[in-house]
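# Residue-level structural notes
Listed below are the residues making up each chain.
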Amino acid sequence: MSDTAAKGGVLELDGLTSGYNGSAVLRDVSLTVGEGEVVALLGANGAGKTTTLLTIAGVVRPMGGRVLYAGDDLAGTSPDARARKGLAHVPEGRGVFFSLTVAEHFRLKARGERLDAAAAYRYFPALEPLTSRRVGLLSGGEQQMLAVGRALARQPKLLLIDELSLGLAPIIVERLLPVVRAYAHDSGCGVLLVEQHVDLALTVADRGYVLSHGEIAASGDSQALRANPELVESSYLGKQSAPAAQEPAPE
Ligand code: ATP
């Protein structure tokens, strides 16, 4: 566990069961994200990673269990209210607007909040010369920088990132992920990072959980998980219900 994780929990999922139209996709999922900690949520296609993030963001309503944010139960809190409390979600597919310029993305007054564009440009300096360019003309990597940069500009306390690597060359993601880590460590923001590229994710994450068929099949600190690829692989494939590689000590 990182030093910063010991500071306290930003997010706790407590026995979360969630899904669609009364049918559970996630079952009894419990995990934590500490202050300044980057936690990877790994798993095969369809394991329930996106559903986990959507449930935390309040878009999908849980069927059981709790989502605790800084110790508060978020039941009944709308997605907008969660965002105002400091929860930022970078969805799969980036959530940027092709017809707007980079600068206009920082002027959009989502939910009446103030966006700190300078912070985004500080973490992603490559965006600054592109301020007047329409997003549809940016490369995939630049669009992803903008999506994450816009989330950082909201000065979140919890950042949910879904598949940063989708459609990008690994080299681009290798540059983006350390920026997310630096932000988390500088600001104390907790990050829950959904990622298919296990090695890439565990290089930047402090800890990781593997979801298999909607259940946590393995968890541990990144070093332990990287040292045990068979455990991660078998959990991925749902071959076994693997024990935790090394659970963090209770706080
Ligand atoms: P991927 O890596 O492919 O994005 P994932 O781990 O993020 O997968 P989810 O997108 O959470 O998985 O999907 C988990 C399961 O829930 C899948 O079986 C999927 O078909 C189902 N599912 C996702 N969205 C809906 C929806 N809106 N209505 C019904 N079922 C859904």
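What counts, and at which threshold
Residues numbered from 1 in each chain as written. Predicted model: local features only at pLDDT ≥ 70, side-chain atom pairs only at ≥ 80, totals over all residues. Heavy atoms only, no water. Core = buried A, V, L, I, M, F, W, Y, C linked by side-chain atoms within 4.5 Å. Buried < 20%, exposed > 50% of the residue type's maximum accessible area, 1.4 Å probe, protein only. Contact = heavy atoms within 4.5 Å. Helix = DSSP H or I, 4+ residues; strand = E, 2+ residues; numbered from the N terminus. pLDDT = per-residue confidence, 0-100. Phe/Tyr/Trp six-rings, centres within 6.5 Å; stacked < 30°, edge-to-face > 60°.

## So, the nonpolar core
Grouped together as the largest cluster of nonpolar side chains are 50 residues, with contacts concentrated most on Val102, Phe106, Phe124, Leu159, Ile161 and Val191. In contact with Phe106, not counting residues within four places along its chain, are Leu115, Ala117, Ala120, Tyr121, Leu146, Gly149, Arg150 and Ala153. Listed in part, the 24 residues of the second largest apolar core include Leu11, Val29, Leu158 and Leu192.

## A short note on helix α1 (residues 49-57)
Counting buried positions over the 9 residues of α1 gives 8, a clear majority of the element. Among all positions of α1, only Lys49, Thr51, Thr52, Leu53, Leu54, Thr55, Ile56 and Ala57 are buried. Gly58 sits one or two positions beyond α1 and adopts a positive phi of about 90°.

## Quick word on the confidence of the model for the chain
Per-residue confidence for the chain gives a mean pLDDT of 87, with 89% of residues at or over 70. Below pLDDT 50 for its whole length, residues 1-7 participates in 17 contacts with residues either more than four positions away or in separate chains. Here residues 246-251 scores under 50 on pLDDT; set against residues more than four positions off or in separate chains, the count is 13 contacts.

## As for the packing of aromatic side chains
Scanning the entire structure with this criterion turns up 2 aromatic pairs. Plain terms: the ring middles of Phe106 and Tyr121 are 5.3 Å apart, the flat faces sit at 65° to each other, and that makes the pair edge-to-face. Of this pair, Phe106 sits in helix α3 (residues 102-107) while Tyr121 is found in helix α4 (residues 117-123), placing the two residues 15 residues apart along the sequence. Residue Phe106 is classed as buried on the basis of its relative accessible area, which comes to 8%. When the ring of Tyr123 is compared with that of Tyr183, the centres are 5.3 Å apart and the planes differ by 80°; the resulting orientation is edge-to-face. Of this pair, Tyr123 sits in helix α4 while Tyr183 is found in helix α6 (residues 170-187), placing the two residues 60 residues apart along the sequence. Residue classification places Tyr123 among the buried residues on the basis of a relative accessible area of 18%. For Tyr183, a relative accessible area of 6% gives the class buried.

## Description of unusual backbone geometry
With a phi angle near 55°, Asp28 is a residue other than glycine that sits in the positive phi range. Inspection of the secondary structure puts Asp28 in strand β2 (residues 23-34). Residue Ala70 is not a glycine yet carries a positive backbone phi of 50°. The topology assignment puts Ala70 in the loop between β4 (62-69) and β5 (72-73).

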